Amino acid sequence: MMKTVYRIFLSIVLIVSIVSCSDFLDRESDSIFTDDQIFSDEAMIKSALANFYGRINWGQSFDNEGNQFGIIDEACFANGIDNSITFTDDLWRVYPYELIRNLNQFIHGVRTTTVLEQADRFKIEAEARFIRAWAYFNMARCLGGMPIVGDNVFEYDPKGDIAAMQFPRSTEGGIYNYVIDECSWAGKYLSDNPSENINAARANKWVALSLKARAAIYAGSLAKYNNQVTPQIKTNGPGVGISADSAAYYYDIAYETADSIIRSGKYQLYNKESDKSHNFYMATASKNDNPEVIWTLDYKYPDKVQDFSIKSCPKILAMSTTYNRVTPLLNLVEAYEYLDNRDGRLDVGTEEAPKFFDSPADLFDNKDPRMKGTIICSGDEMLGTQIDFQAGQYYYKGRKWATRESTVGSLDDQGDVITSINGPKSSSNWFDNQTGFSFRKFLDEDKSAYDPAHGSEIWYVRIRYAEILLIASEAALELGNDDKALEYINDVRERAGLNDLESMTLLDIEQERRVEFALENHRWWDLKRWRRSHIIWDGVSESARHWALFPYKVKDPRRPENGKWVFIRVKSNDMPNYRTFKMQNYYNFLDNSWLTNNPKLIRNPYQ
């Protein structure tokens, strides 16, 4: 056996879920072990596996929320004012070959160890191969087809043939095929009992099949829609481009796999609360026998917690000097339709003829309940506290309306609020609310979660049952099975409290996924696989700019509108310019060091 070493960074949360009560927890948390040490001890093997789970957190998450949440049209990231109008060529780029190599070393060790029964060897290998498939999937959706090294483990020998370690790029279809096949294999040996998966932190059969379905729907949409843009985005050789005639093949895999998960009955939509908005909030927040959540990045106090509630709560709830880090954009608020009107745009009137409301809550009446399960609007409650947003006072000056604003938390001479403690306010202060809303989704209902000494245990949901329904719906739609497409999308809409659709297009799928999965790391990738990004962020349309909504209270005793509320649309201070998604942004550029180390790599389009 090779004398390779592993550096094990112990993540107690993961080890608790994988090793349970083990003497391994008493070991040093940063140590180096040889293969012989690891693969001669069952607890060590499982702890090494736990280490891999701790290394696969790419894209949006609580551990790296920043621009990961704020760079698209969901959220304002106020802690880093972004005046750029383009996207970088390395955004969310994943190149995990060190992890893949370590996984291959681990798989080799598991196959040859004598301390595990055969069934346990297969199960642990299946988890490792699922993690490896997840790594390839995350690389594929940002880079296209990249080298597939299989189970090979290479040891560098300066006198050896380096060319043997230099693999060419796979085709784009090939890398998705690899992910699909690996997930199929893993699913055969992983547990099919969701209750064994503590807080959904580990891969089981359904996690593997969910990734298989997701990979297939990505490949199908890339095959179909990349071939409809002009010019087509392709490399001269393997790397980028899937033939259009492969689309149906991938859609069929996506549908059959998603449908099998649905028919298994192992998961259901969360539907325990009578209030539709709170029910939707709980769908991602509840860890109490949650039937919807399939796979998560889990947190457990005191060993591993997250600070989204601390950093992104309204100021009135803050227990630290950091708050309002990530707040919802008006773009997202208006994506939620009305119960009687699918156009969710808010009618606030115009500057010349503003619309007046008795209460700020009136503007949001009759909206898709998922909005209030995701977003806190002025007048809503969180932790038993009313969250008020007020940018300033509104009064009549001369022959037109004018605004009076001040610092957050300011009062006038009569003791009336000018600007609320919660804002909003356009400013360079990182912690002023810049949008007029706060997120409810992923905020904790436990007050201790706002204390920096404690933090939150709310998990970050990677896969849940609603996604499986919408994958099945999308695949059925693309395959011409409209009845099934409507059945599955309407399951999601019914849970939300919306009317059923009687007909649908891909834009309905786009709409549902946008509002259902806000902050769950889908929209960026969805628009890319449908080749819609350059249309949404086109540099000229209103959808290409971040928008905020500022509430003002009328204070003018001379006017009949005194005491009412108005709302003004403003350009969000975090990114006030129109943003342009270039065709080159559909795939990240390959780093020059990769090209130097491996001459067999082909550059991505436009690079």
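Along each chain, residue indices are assigned from 1 in the same order as the chain's sequence is written. Local features in a predicted model are, by the rule used here, given only for residues with pLDDT of at least 70; side-chain atom pairs are given and counted only at 80 or more, and totals for whole chains, interfaces and linings are based on all residues. The side-chain quantities take in all heavy atoms of the structure and omit both hydrogens and water.

(A) Inspection of the environment of L411 at higher detail. Each helix corresponds to a stretch of at least 4 residues labelled H or I by DSSP, and each strand to a stretch of at least 2 residues labelled E; elements are numbered beginning at the N terminus. Inspection of the secondary structure assignment puts L411 in strand β11 (residues 410-411). Distance in space between the C-alpha atoms of L411 and L346 is 29 Å, their sequence separation being 65 residues.

(B) View of the pairing of strand β15 (residues 547-554). Residue burial is assigned from relative accessible area. The probe radius is 1.4 Å, only protein chains are included, and a residue is buried under 20% of its type maximum, exposed over 50%, and partly exposed in between. The element β15 is largely enclosed, with a buried count of seven among its eight residues. The sheet contact formed by strand β9 (residues 392-397) and β15 spans three bridges and is parallel. Across the sheet, residue Y394 finds its bridge partner in β15, namely V554. Paired strands, as defined in this entry, are two strands with at least two bridges between them according to DSSP. In the sheet, β15 pairs with strand β16 (residues 565-571) via seven bridges, with the strands oriented antiparallel. Following the sheet pairing, W547 is matched in β16 by K571.

(C) Summary view of the environment of K123. Within the fold, K123 resides in helix α6 (residues 118-143). Distance from K123 to I536, taken between C-alpha atoms, is 43 Å for residues 413 residues apart in sequence. The contact definition used throughout considers only heavy atoms, calling two residues in contact when any of these lie within 4.5 Å. When near neighbours in sequence (up to four residues on either side) are disregarded, K123 contacts Y189, L190, S191 and E196.

(D) View of the sheet that holds β16. Strand order in the open sheet formed by four strands is β10-β9-β15-β16, and the pairing between neighbours is mixed. Lying at the two open borders of the sheet, with one neighbouring strand each, are β10 (400-404) and β16. Taken pair by pair, the neighbouring strands of this sheet meet at an average axis angle of 40°, ignoring direction. One ladder, built from five bridges, connects β9 with β10; its direction is antiparallel. Looking across to β10, one finds that Q393 is bridged to R404. Here an angle of 0 to 180 degrees is reported between the N-to-C directions of two axes, which are lines fitted to C-alpha atoms, with helices fitted over the stretch in contact.

(E) Structural detail: the packing of helix α5 (residues 97-112) against α6. The contact between α5 and α6 brings their axes to 10 Å, and the two run at 165°. The angle between the axes of α5 and α6 places the two elements in the roughly antiparallel class. Note that α5 runs across α6; the crossing there is left-handed. For the pair α5 and α6, contact is made by Y97, L99, I100, L103, N104, F106, I107, V110 and R111 and by R121, I124, E125, A128, R129, I131, R132, A135, Y136 and M139, respectively. Gly falls in the polar group here, along with every residue not listed as nonpolar (Ala, Val, Leu, Ile, Met, Phe, Trp, Tyr, Cys, Pro) or charged (Asp, Glu, Lys, Arg). For the contact of α5 with α6, the per-class residue count stands at 13 nonpolar, one polar and five charged. Working definition: roughly parallel below 35 degrees, roughly antiparallel above 145 degrees, roughly perpendicular at 65 to 115 degrees, and oblique for all remaining angles. Left-handed is the label given to a crossing in which the near helix is rotated counterclockwise from the far helix by less than a right angle, and right-handed is the label when the rotation is clockwise.

(F) Region of interest: helix α7 (residues 172-189). Between the first and last C-alpha of α7 there are 27 Å, a value that for 18 residues agrees with the 26 Å anticipated at 1.5 Å per step. For α7, the full list of buried residues reads E172, G173, I175, Y176, Y178, V179, I180, E182, C183, W185, A186 and G187. Next to the buried residues of α7 lie α6, α8 (205-225) and α9 (247-264). Under the convention used throughout, the expected extent of a helix is 1.5 Å for every residue step, that is, one less than its residue count.

(G) Broad picture of helix α14 (residues 465-478). Between its first and last C-alpha atoms α14 spans 20 Å; for 14 residues at 1.5 Å apiece the expected length is 20 Å, and the two agree. By the criterion of burial, α14 is predominantly enclosed, with 14 of the 14 residues buried.

(H) Inspection of empty space enclosed by the protein at higher detail. Here a cavity denotes grid points, spaced 1 Å and computed from the protein atoms alone, that fit a 1.4 Å probe unable to get out, and a pocket denotes an open set having protein on both sides within 12 Å along at least 5 of 7 lines; residues with an atom within 4 Å of a point are the lining. Grid points are joined across faces, edges and corners, and a volume is the space filled by probe spheres set on the points. The tally for this structure, following the rule as stated, stands at six cavities of 30 Å³ or more. Its volume calculated, the largest cavity comes out at about 110 Å³. Lining the largest cavity are 13 residues, and of these W58, W134, Y460, R462 and N521 sit closest to its centre. Breaking the lining of the largest cavity down by element, the ones donating at least two residues are α6 and β14 (460-464). Examining the composition of the lining of the largest cavity, we find that three residues originate from one element, β14, more than from any other. Here the lining of the largest cavity is built from residues that sort into five nonpolar, four polar and four charged. Empty space within the second largest cavity amounts to approximately 90 Å³. Lining the second largest cavity, in full, are A140, R141, E172, Y176, Y218, L222, W525, K528, R529, R531, Y586 and Y587. Counting residues per element, the lining of the second largest cavity draws most heavily on helix α17 (residues 523-529), at three residues. Residues that form the lining of the second largest cavity fall into these classes: seven nonpolar, no polar and five charged.

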